[in-house]
Amino acid sequence: MRRLALLVVALAAAACGGGDGDRAKPTPAPTRAAAAGPAGLVSEQVGRGPQTAYIVRPAKAGPLPVVLFIHGWGATRPRYYMPWLEHLARAGNIVIYPRYQDSVVTPPDQVLGNLIAGVRLALARVDERPGSLVVAGHSAGGALSADYAAIARQARLPAPRAVLSMYPGRSLRGVAPSIPEIAPAQIPASTRIVALAGARDTVVGTAFARRIAASASRVPRARRTYELIRDPAVADHLGPQRADAASRRVFWRRLDALIADARAPSG
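Being a predicted model, the structure only gives us computed values, none of them experimental.

Section: the pairing of strand E7 (residues 162-166)
Most of E7 is tucked away, with 5 of its 5 residues classed as buried. A two-sided burial pattern is seen for E7, the buried positions comprising Ala162, Leu164 and Met166 on one face and Val163 and Ser165 on the other. Two strands pair when backbone bridges link them, and strand E6 (residues 134-138) and E7 are joined in this way by 5 bridges, in the parallel orientation. In the strand pairing of E7, His138 is matched with Met166. Of the crossover connections in this fold, the one passing from E6 over helix H4 (residues 140-151) to the parallel E7 is right-handed. Across 5 bridges, E7 lies against strand E8 (residues 192-198) in parallel orientation.

Brief notes about helix H5 (residues 207-215)
Turning to H5, its buried residues number three or more, namely Ala209, Ile212, Ala213 and Ser215. Those residues of H5 hidden inside the fold are in contact with H4, E7, E8 and strand E9 (224-229).

Quick word on the nonpolar core
Grouped together as the largest cluster of nonpolar side chains are 43 residues, with contacts concentrated most on Leu68, Ile96, Leu144, Tyr148 and Ile187. Listing elements by their share of this core, those giving two or more residues are strand E3 (52-58), strand E4 (66-70), strand E5 (94-99), helix H3 (111-123), H4, E8 and H5. At 8 residues, the largest contribution of residues to this core is made by H3. Not counting residues up to four positions away in its chain, the partners in contact with Ile96 are Ala53, Tyr54, Val66, Val67, Leu68, Phe69, Ala122 and Leu123. By size, the runner-up hydrophobic cluster in this structure holds 31 residues, among which are Trp84, Ala89, Val95 and Ala136.

Remarks on the confidence of the model for the chain
For the chain, the average pLDDT comes to 88, and 83% of its residues sit at 70 or higher. Across residues 1-29 the pLDDT falls below 50, and counting only partners more than four positions away or on other chains, this stretch makes 48 contacts in the model.

A word on a nonpolar patch on the surface
Taken together, the side chains of Trp73, Val104 and Val105 define a hydrophobic patch exposed on the protein surface, amounting to about 290 Å² of accessible area. Its location among the elements puts Val105 in the loop between E5 and H3. According to the relative accessible area criterion, Val105 is exposed, its value standing at 68%.

Observations regarding the environment of Ala185
Mapped onto the fold, Ala185 is located in the loop between E7 and E8. The contacts of Ala185, once residues within four sequence positions are left out, are Ser215, Ala216, Ser217 and Arg218.

Structural notes on the packing of aromatic side chains
Inspection of every chain in the model, using the stated rule, returns 8 aromatic pairs. Taken together, a centroid distance of 6.3 Å and an interplanar angle of 15° make the contact between Phe69 and Tyr97 stacked. With Phe69 in strand E4 and Tyr97 in strand E5, the pair connects residues that are 28 residues apart, well separated along the chain. Accessibility assignment for this pair places Phe69 and Tyr97 in one class, buried.

Basis of the calculations
Residues numbered from 1 in each chain as written. Predicted model: local features only at pLDDT ≥ 70, side-chain atom pairs only at ≥ 80, totals over all residues. Heavy atoms only, no water. Buried < 20%, exposed > 50% of the residue type's maximum accessible area, 1.4 Å probe, protein only. Helix = DSSP H or I, 4+ residues; strand = E, 2+ residues; numbered from the N terminus. Pairing = 2+ DSSP bridges. Right-handed = clockwise from strand over helix to strand, strands pointing away. Contact = heavy atoms within 4.5 Å. Core = buried A, V, L, I, M, F, W, Y, C linked by side-chain atoms within 4.5 Å. pLDDT = per-residue confidence, 0-100. Patch = residues over 30% accessible without salt bridge, like charges linked within 9 Å, V, L, I, M, F, W, Y side chains within 5 Å. Areas by Shrake-Rupley, 256 points an atom, 1.4 Å probe, with all protein chains shown as cover. Salt bridge = Lys/Arg side-chain N within 4 Å of Asp/Glu carboxyl O. Phe/Tyr/Trp six-rings, centres within 6.5 Å; stacked < 30°, edge-to-face > 60°.

Structure follows, in structure tokens:
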């Protein structure tokens, strides 16, 4: 597993034009100029292909907290979650949405390296408030959110204060290949983990969410939570991707509360 982690970091660093793994500006990559979005927000795009990242942020300047939002398999464009991304940006967050695949046929063993490369490019473009990062992910992104938390320090990227993993999955039930796992036991003790599964999720089931919460052994038990969502309006696999009242109540509010808790002054 450590060999896999080192390979992912090496590939991501090489793709970004630097092997030292630090936060220095990488070799220039295509960047789409910031564009006006809804009132008070701007958006831009960095990178190319599966190592692209989209950024949605407030127009105001100054160091801002960051939310890393990792999409489900095949949802490579921000439009799939845009109402939620805009909600997070209006709340004062820089939102980074890495596109870690070209399409649904991208080899699963490449996606984490692609994600890391895209995140590195995006962080080089924004004024990040240190120690503010919170990660949220859905489906494959839910699994990758745990992987990012486990490998971030090794990749010399910001470690998340908290992770919200929603209906995580590494493959369809009984179908190979799957996204390789970075052992949850590598997630730092300081991380708050919330893993959600859907009672009506017939796509990935509940095992991946339960594993993330159970196997992040460095994290104190009181700081890791597994919850089964039973509300029939949102308990199916696509519940977190919708923007209706039920999804906002169950998922948006949970993430808002997790962000507030993770960033609250300690002591």
